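# A closer look at the structure
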Amino acid sequence: MRVDDIHVDTELSDVARLFYGDDFPRISLEYDGNTFAVELCDKRYFFDYSDAVYGIIPAAHRAGRLSKIAVYDALFAYTGRAMAWGALTGVRPTKLFYECLRFGMDNTAAAETMRKVYRVSDMRSAVLDDIINAQNGKVLFSPEYYNLYVHVPYCTTRCSYCSFVSAPIAKNRAQSQEYVGLLCDEIARSKEFLAQNGKKILSVYIGGGTPSALDDKSFDELLAAIGDLGCEYTCEVGRPDTVTAQKADIMKAHGVTRVCVNPQTLNDKTLAAIGRSHSAADFFRAYDIVRARDFDINCDLIAGLEGETVDDFIKSLDGVRALCPQNITVHSLSKKNGSAIRYEPDENSDVGKMLDHSLTHLDGYRPYYLYRQKRQAGNLENIGFSLSDRECVNNITTMEETVGVMACGAGAISKAIENGNITRFANMRDISLYISRYAEKLDAKLDCFRSAFV
Ligand code: SF4
């Protein structure tokens, strides 16, 4: 096999982007069945991967994965730089760890394989080991269960780093009420469909957007349509300025068990700069409201916000840690199309220090799930931390793709997981199109599930 210029190969290009961003040099790769030859900036590197350690890679994926490792090894030799996640560019590194376990390895051997085969750093392979231990007994493989996801695409203002569909609620009140009416219908039809097909709901997650940006009546109507299903039930109330005693009471009345109140940072200057319409004091006020009603609480923080130093991040982490929420999620900033970020977060080398600090200083918490995104600062990851036995089952099963997702709302992506096959269906992303094409798209979604269930 020969690839004259890896720019034409998405997977190999992703490896080069780890080192250079989008502007990477011409790299060619050749494999003669024994040796990989990589040409990079007039240098040629040769690699032989016949060692038994590479036998872990399933035959169907071997050539592809070894090609990525060869490009990584050449870039490492040329630049002298190592990446925390080595040659891995995918969203879910844990899947490869589970692949090793299915191969018959124990955790120690699997962690060693992550280091030796995929060039993952000692620290990140240890994180994978911790996560797999935390997920023990919680990664449910059952076609009988589905997670219900409900999407509310409205917020108070737009954060500078946002790439989601999110409309300002104040300008779209009337539309949001019409939207919620259709969303309630989609939820009812989806629940009925799952029940008719012998499926149970494992957990519920209302995300966005900011669901609590809805007016009280719409919020109540939405939660009533979901109902109290007696399972783990998360509602994002991400913007602290949308959290009121009334909203918290509505959630309690409808069976919500877990809420996400997200400061992102406790630095008021940064909060203003990134376009969030609240202060750190608003966050503490919102936190007290939901804590008083005994919800499990998750708090999101972002590492790598523009202008923030490692000390700023540590202050935010310590401030949240002092509250002892059940879950803390640390995101490393990613610059995506559609966001208004002006700087290059992937060039912020302090983000690695922020993530490493989280991994070593959150006493009493352990990492329980992680995922990576493209163009993420420092090529790092988002990590969810949890107090013992308070892990969010929705996050685990959705991220590990062990339970399917019935998703409702604009831009929501359903996943039918049947017999190991994943079938995806995306709702209309644009809110106006979601409304105008609602009936047609709902039928298409249920048809998609019907075909997957056969
Ligand atoms: S709260 Fe979330 S969805 Fe809303 S604007 Fe900010 S990042 Fe986007």
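Just above, that's the structure.
Report follows, based on the coordinates. (Residues numbered from 1 in each chain as written. Predicted model: local features only at pLDDT ≥ 70, side-chain atom pairs only at ≥ 80, totals over all residues. Heavy atoms only, no water.)

### Quick word on the side chain of aspartate 296
- Within the secondary structure, aspartate 296 sits in strand β11 (residues 296-303).
- For aspartate 296, the side chain forms a polar contact with the side chain of arginine 390, separated by 2.7 Å.
- Contact partners of aspartate 296, with chain neighbours within four places excluded, come to Thr257, Arg258, Val259, Gln326 and Arg390. (Helix = DSSP H or I, 4+ residues; strand = E, 2+ residues; numbered from the N terminus. Polar contact = N/O pair within 3.5 Å; in protein donor to acceptor, adjacent residues only side chain to side chain. Contact = heavy atoms within 4.5 Å.)

### Points about the packing of helix α11 (residues 310-321) against helix α12 (residues 350-361)
- For the pair α11 and α12, the least separation of the axes is 9 Å and the interaxial angle reads 25 degrees. Between α11 and α12, the angle falls in the class roughly parallel. Here α11 and α12 pass one another in a crossing that is right-handed. For the pair α11 and α12, contact is made by Val310, Phe313, Ile314 and Leu317 and by Asp350, Lys353, Met354, His357 and Ser358, respectively.
- A breakdown of the residues in the contact of α11 with α12 according to their chemical character gives five nonpolar, two polar and two charged. (Axes fitted to C-alpha atoms, helices over the stretch in contact; angles between N-to-C directions. Parallel < 35°, antiparallel > 145°, perpendicular 65-115°, else oblique. Left-handed = near helix turned anticlockwise from the far one by under 90°. Nonpolar A, V, L, I, M, F, W, Y, C, P; charged D, E, K, R; others polar.)

### Overview of the sheet that holds strand β1 (residues 2-3)
- Pairing is antiparallel across the open sheet formed by four strands, whose spatial order is β1-β2-β3-β4. Two strands close off the open sheet at either side, each with one partner strand: β1 and β4 (43-48).
- Judged from the two bridges that link them, β1 and strand β2 (residues 27-31) form a sheet pairing that is antiparallel. Bridging from a neighbouring strand, valine 3 pairs with leucine 29 of β2.
- Against the sheet, helix α2 (residues 59-79) makes contact with β2, β3 (35-40) and β4, and its axis sits at roughly 45 degrees relative to β3, the strand it touches most. (Pairing = 2+ DSSP bridges.)

### Comments concerning the site of the ligand
- Taken together, the neighbourhood of the ligand is formed by Cys155, Thr157, Arg158, Cys159, Tyr161, Cys162, Phe164, Ser166, Gly209, Thr210, Arg239 and Arg276.
- Among the residues forming the shell around the ligand, the class breakdown is five nonpolar, four polar and three charged. (Near = heavy atom within 4 Å.)

### A word on the pattern of salt bridges
- Applying the stated criterion to the full structure yields 30 salt bridges.
- When the shortest N-O distance is used, the salt bridge between aspartate 14 and arginine 17 registers 2.9 Å. In this pair, aspartate 14 and arginine 17 both sit in helix α1 (residues 10-20), three residues apart, roughly one turn of the helix.
- Given the relative accessible area of 33%, arginine 17 is considered partly exposed.
- A salt bridge links aspartate 22 to arginine 17, with the nearest nitrogen and oxygen atoms 2.9 Å apart.
- Beyond isolated ion pairs, a larger network of salt bridges with shared partners links Arg2, Asp4, Glu30, Glu39 and Arg44. (Salt bridge = Lys/Arg side-chain N within 4 Å of Asp/Glu carboxyl O. Buried < 20%, exposed > 50% of the residue type's maximum accessible area, 1.4 Å probe, protein only.)

### Focus on the packing of aromatic side chains
- Counted by the stated rule, this structure contains 18 aromatic pairs.
- On the numbers, 5.1 Å between centres and 50 degrees between planes, the contact of tyrosine 179 with tyrosine 434 is tilted. Of this pair, tyrosine 179 sits in helix α6 (residues 173-196) while tyrosine 434 sits in helix α14 (residues 431-436), and the two are 255 residues apart along the sequence.
- When its relative accessible area of 0% is taken as the criterion, tyrosine 179 is described as buried.
- Centre to centre, the rings of phenylalanine 193 and phenylalanine 449 are 6.3 Å apart; their planes meet at 65 degrees, and the pair counts as edge-to-face. Of this pair, phenylalanine 193 sits in helix α6 while phenylalanine 449 sits in helix α15 (residues 438-453), and the two are 256 residues apart along the sequence. With respect to burial, phenylalanine 193 and phenylalanine 449 carry one shared label: buried.
- An aromatic cluster of at least three residues, connected via ring pairs, comprises Tyr31, Phe36, Phe47, Tyr49 and Tyr54.
- For lysine 199, the ring lying beneath its charged end belongs to phenylalanine 453, and the centroid distance is 4.6 Å.
- Above the plane of the ring of phenylalanine 219 lies lysine 247, whose end atom (NZ or CZ) is 5.8 Å from the centre. (Phe/Tyr/Trp six-rings, centres within 6.5 Å; stacked < 30°, edge-to-face > 60°. Lys NZ or Arg CZ within 6 Å of the ring centre and 35° of its normal.)

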